[in-house]
Amino acid sequence: MRSEDLPAPDRFQWWREQCAKGVVPTVASSPHAGDFRATVTFAELGPLQLSVLTFPEVRAVRTPALVRRSDPEEYGLSLITANDLWFAQRDRDCRLEPGRLLLHDTSQPFDSRALPGSGPGGMLMLQIPRTALPLRPRRLDQLLARGLPTRAGMDAILARYLTGVADAVENGEVGEREAGQLGRTALDLVAATLATHLGDEEHLTPETRRQALLARIEAFIELNLGDPELTPTTIAAHHHISPAYLHRLFQPRELTVAAWIRHQRLERARVDLADPRQRLRPVHAIAARWGFRHPAEFSRTFRTAHGVPPSDYRHHALTAGTTEPDRRAPAPRPVATPG
């Protein structure tokens, strides 16, 4: 939904109503109230709701009176995607640049300000029922209004997952069944991420620990696809688990660990072959970049997967003008859960 579909005088009121219904009631103000250009996407993901928001400079204050009047008893976990955000709750405040995660509590007053930038601000927000997290509220209070970095570890995995899910939602690629699975996986990753910051991993359920471990393994695989020594044995050793347990983690999927690695490598190679910026890079160099030791093996594997040799695929893709503008991974595939 876009505010620009409405007359300019009605846009800010529309924004306030959408946020009150879809997020939480606040007292909002903005220097752009006369022509407030914003977009809103809401998606139900099983136990969670995802909100994808873009907006100009705006302030939103959740007062004690609004908390008493309407409280969904939720946590909000936001990923800042554009421009800085200032946020205050529980006598502390922080300024977050894009790429940071922010936890807030709807049961406590807060003050937030989307700061001006070169373009519209933006965020992705998960709304999480308090009862859905296996962590004590008093412990979680320690993380409120603190910018969490997303450069490494579970924070980076969670941020990437949220970005992929939001892209899939906005592209209309998520059906009702997939939405529930994506939401449950997101909840596990959120719980694991927050528990890591608190040192409370012992409070996580076995399923949440399994999902978090699988997410770390997937991230490790994707970071090391170019290493020809990447095998199920080396992956298991890096994560201090047995190869047998690694294979059990992948059992709910259609592909074995080795097949999933091969699929990811082939997909990265396919993207490079269709990229006009790499038209002068030899096919064997692209194959080596993604962990294929022998050109003949790569050609045979690629032909089996795509029906044509890699050189023919490149010719047809470039002749047809096919381009791959970025190298973002596809939207995360939901991990099936037992039972």
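Per chain, residue numbering runs from 1 following the sequence as it is written. Residues qualify for local features only when their pLDDT is at least 70, as the model is predicted, and side-chain atom pairs are given and counted only at 80 or more; totals for whole chains, interfaces and linings, by contrast, use all residues. Side-chain numbers here rest on the full set of heavy atoms in the structure, without hydrogens or water.

## Let's talk about unusual backbone geometry
Stated precisely, the cut-off is as follows: Only DSSP runs of H or I reaching four residues or more are called helices, and only runs of E reaching two or more are called strands; each is numbered from the N terminus. Each residue is assigned to one of three classes by its accessible area relative to the maximum for its type, calculated with a 1.4 Å probe on protein chains only: buried under 20%, partly exposed between the two thresholds, exposed over 50%.
Of note in the backbone geometry, R90 takes a positive phi value of approximately 55° without being a glycine. Relative to the assigned elements, R90 resides in the loop between β6 (85-89) and β7 (92-96). The class for R90 is partly exposed, based on a relative accessible area of 42%. Phi is positive for H240, which is not a glycine, with a value near 60°. One can find H240 in the loop between α7 (232-238) and α8 (243-250).

## Some remarks on the nonpolar core
To be explicit about the condition: Definition used in this section: a nonpolar core is a set of buried Ala, Val, Leu, Ile, Met, Phe, Trp, Tyr and Cys residues joined via side-chain atoms within 4.5 Å. Whether two residues are in contact is decided by their heavy atoms, any of which lying within 4.5 Å being enough.
Ranked by size, the top nonpolar core spans 42 residues in total, and within it L133, L140 and L194 carry the most contacts. Residue assignment for this core shows that the elements contributing at least two residues are β2 (39-45), β3 (48-55), β5 (74-82), β8 (101-105), β10 (121-129), α4 (153-170), α5 (176-198) and α6 (206-223). No other element matches the 11 residues that α5 contributes to this core. If we skip the residues at most four places from it in the chain, L194 touches L103, L133, L135, L140, L143 and L148.

## Considering the pairing of β8
Just so we agree on the cut-off: Strand pairing is assigned whenever DSSP detects at least two bridges linking the two strands.
Counting buried positions along β8 yields five of five residues, so the element is predominantly enclosed. Burial of the side chains of β8 extends over both faces: L101, L103 and D105 are buried on one face and L102 and H104 on the other. Pairing of β5 with β8 involves five bridges; the strand directions are antiparallel. Along β8, the bridge assignment pairs Y75 with D105.

## A look at the packing of α6 against helix α9 (residues 257-273)
Note the cut-off: For every element, the axis is a line fit to its C-alpha atoms; helices are fit only across the contacting stretch, and the angle between N-to-C directions ranges from 0 to 180 degrees. Our angle categories are set so that under 35 degrees counts as roughly parallel, over 145 as roughly antiparallel, 65 to 115 as roughly perpendicular, and the remainder as oblique. The crossing is said to be left-handed when, going from far helix to near helix, the turn is anticlockwise and less than a right angle, and right-handed when the turn is clockwise.
Running from N to C, α6 and α9 cross one another at 45°; their axes reach a closest spacing of 10 Å. Between α6 and α9, the angle falls in the class oblique. You can see that α6 and α9 cross each other, and the crossing is right-handed. Contacts from E218, I221 and E222 in α6 reach W260, I261, Q264 and R268 in α9.

## Considerations on the confidence of the model for the protein
Our working definition: A residue's pLDDT is simply how confident the predictor is in it, with values from 0 to 100.
Predicted confidence across the protein gives a mean pLDDT of 90, with 95% of residues reaching 70 or more. Note that residues 323-339 has pLDDT below 50 and, in this model, 41 contacts with residues that lie over four places away or in other chains.

## Considering the side chain of T301
Tracing the chain through its elements places T301 in helix α11 (residues 295-306). The class of T301 is buried, set by a relative accessible area of 18%. Those residues in contact with T301 that sit more than four places away from it in its chain are R262 and L266.

## A look at the packing of aromatic side chains
Worth spelling out the cut-off: Only Phe, Tyr and Trp rings take part, Trp by its six-membered ring, and two of them pair if their centres are within 6.5 Å. Stacked means planes under 30 degrees apart, edge-to-face means over 60, and tilted covers everything else. A ring has a charge above it when a Lys NZ or an Arg CZ is no more than 6 Å from the ring centre and no more than 35 degrees off the ring normal.
On inspection of all chains with the given rule, the structure shows eight aromatic pairs. Centroid distance F302 to Y313: 5.5 Å. Interplanar angle 70°. Geometry classified as edge-to-face. Of this pair, F302 sits in helix α11 while Y313 sits in helix α12 (residues 310-319), and the two are 11 residues apart along the sequence. Comparing F302 with Y313 shows no difference in burial state: the two are buried. Of the aromatic side chains, those joined through ring pairs into one cluster are F12, W15, F36 and F55. Seen from the ring of W86, R113 lies directly overhead, with NZ or CZ sitting 4.9 Å from the centre.

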